[in-house]
Amino acid sequence: MSTPLNGKLVTVFGASGFIGRHIVQALARRGYRVRAAVRRPDLATHLQPLGAPGQIMPVQANLRYRWSIERAVIGADAVVNAVGILAPSGKQTFDAVQAFGPRAIAEAARAAGIDRVTHVSAIGADADSKSAYARTKAAGEAGVLETLPDSIILRPSIVFGPEDDFFNQFAGMARFSPALPLLGNGVTKFQPVYVCDVAEAVAKAVGGDLAAGSIYELGGPEQKSFKECLELMLEITRHSRALLPIPFPIASAMGKIFQVFPGAPFTEDQVELLKTDNVVSDAAVKDSRTLEGIGIKPATLASILPTYLDRFREHGQYDAHRPA
């Protein structure tokens, strides 16, 4: 049975992305109509089956062009920004997408009479970071809060799920490579968070269940090092691969070379990010600005990873029925 529509319209920027599509589904389940603001509406038709007929409609919008942002928020009751990139590509630069874009969205929302934006950022956001990714994430947050002080910022740690760029990437590498790189010797700590839990947090923010003008940090129930994440992935995919420690100076040099080629496994900027642990702060835990603090029990890696990494086993999902 489909959920009755509640009469409210939410514009979601970045709706066709990894996190965005799960946000769209979470909102649709709550009865919202969703305007999926994406650069290529023709590539976003996969979103429509996530809701009832006519409930989810793509619209063209590009964060580099204010007029397209303004058009996308007309008549909306709420706005969500889930646009983000891990590496720049062509005109999609960190400054354009993660610094200019969020402020432009907030300014368009304000002009349309909307008093807050729900903005998906990242735990690594830091205005003083040497990483361009982290600096522009911080600039995006500042632009949103300066424009609409009641906005809600959600900072997830590394996000995992069926379409993630972390576990899927390394599992794919493990199918053919005898060894996997442990950038920075694999000591960086993450607090991996399930994409559906992030989407639920966004839905709660849109619904008014989160404190206005607050920054929430979203992490899973456990902290794991880079090395421990890869070890768990290898266990699930039943691959035995060497883990090759690569000190940060060497990894940075490698990233600088790789990043000039399309589809680089990692960049110099990403190596810089790995120099800082990506976990929920003690202050966020104390103030209940976490998933648990807003009533969401986060899923564990062990409960979710096998549901989508089994395809990387030698015989795919059927490998589960082979004797150990």
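My aim in this report is to walk through the structure given alongside it, one point at a time. (Residues numbered from 1 in each chain as written. Predicted model: local features only at pLDDT ≥ 70, side-chain atom pairs only at ≥ 80, totals over all residues. Heavy atoms only, no water.)

Here the distance between the centres and the angle between the planes together describe a pair of aromatic rings. Counted under the stated rule, the structure contains 10 aromatic pairs. Between Phe160 and Tyr194 the ring centres are 5.6 Å apart and the planes differ by 25 degrees, which places this aromatic pair in the stacked class. In this pair, Phe160 sits in strand E7 (residues 159-160) while Tyr194 sits in strand E10 (residues 193-194), placing the two residues 34 residues apart along the sequence. For the pair Phe160 and Tyr194, one class covers both residues: buried. Counting every residue linked through ring pairs, the aromatic cluster contains Phe160, Phe166, Phe167, Phe170, Phe190, Tyr194 and Phe226. (Phe/Tyr/Trp six-rings, centres within 6.5 Å; stacked < 30°, edge-to-face > 60°. Helix = DSSP H or I, 4+ residues; strand = E, 2+ residues; numbered from the N terminus. Buried < 20%, exposed > 50% of the residue type's maximum accessible area, 1.4 Å probe, protein only.)

Turning next to the sheet that holds strand E2 (residues 33-38). Strand order in this open sheet of 7 strands is E3-E2-E1-E4-E5-E6-E11, and the pairing throughout is parallel. Single-partner strands in this sheet number two, and they are strand E3 (56-60) and strand E11 (215-218). In this sheet, neighbouring strand axes are inclined to one another by 20 degrees on average, regardless of whether the strands run parallel or antiparallel. As defined by bridge partners, E2 adjoins E3 across 5 bridges and the pair is classed as parallel. Looking across to E3, one finds that Ala37 is bridged to Val59. (Pairing = 2+ DSSP bridges. Axes fitted to C-alpha atoms, helices over the stretch in contact; angles between N-to-C directions.)

This part is about the layout of surface pockets. Here the second largest pocket defines a volume of roughly 180 Å³. Secondary-structure elements contributing two or more residues to the lining of the second largest pocket are strand E1 (9-13), strand E4 (78-81), strand E5 (117-120) and helix H6 (195-206). Looking at the lining of the second largest pocket residue by residue, the class counts come to 9 nonpolar, 3 polar and 4 charged. (1 Å grid on protein atoms, 1.4 Å probe; cavity = no way out; pocket = protein on both sides within 12 Å on 5 of 7 lines; lining within 4 Å. Points joined across faces, edges and corners; volume = space filled by probe spheres on them. Nonpolar A, V, L, I, M, F, W, Y, C, P; charged D, E, K, R; others polar.)

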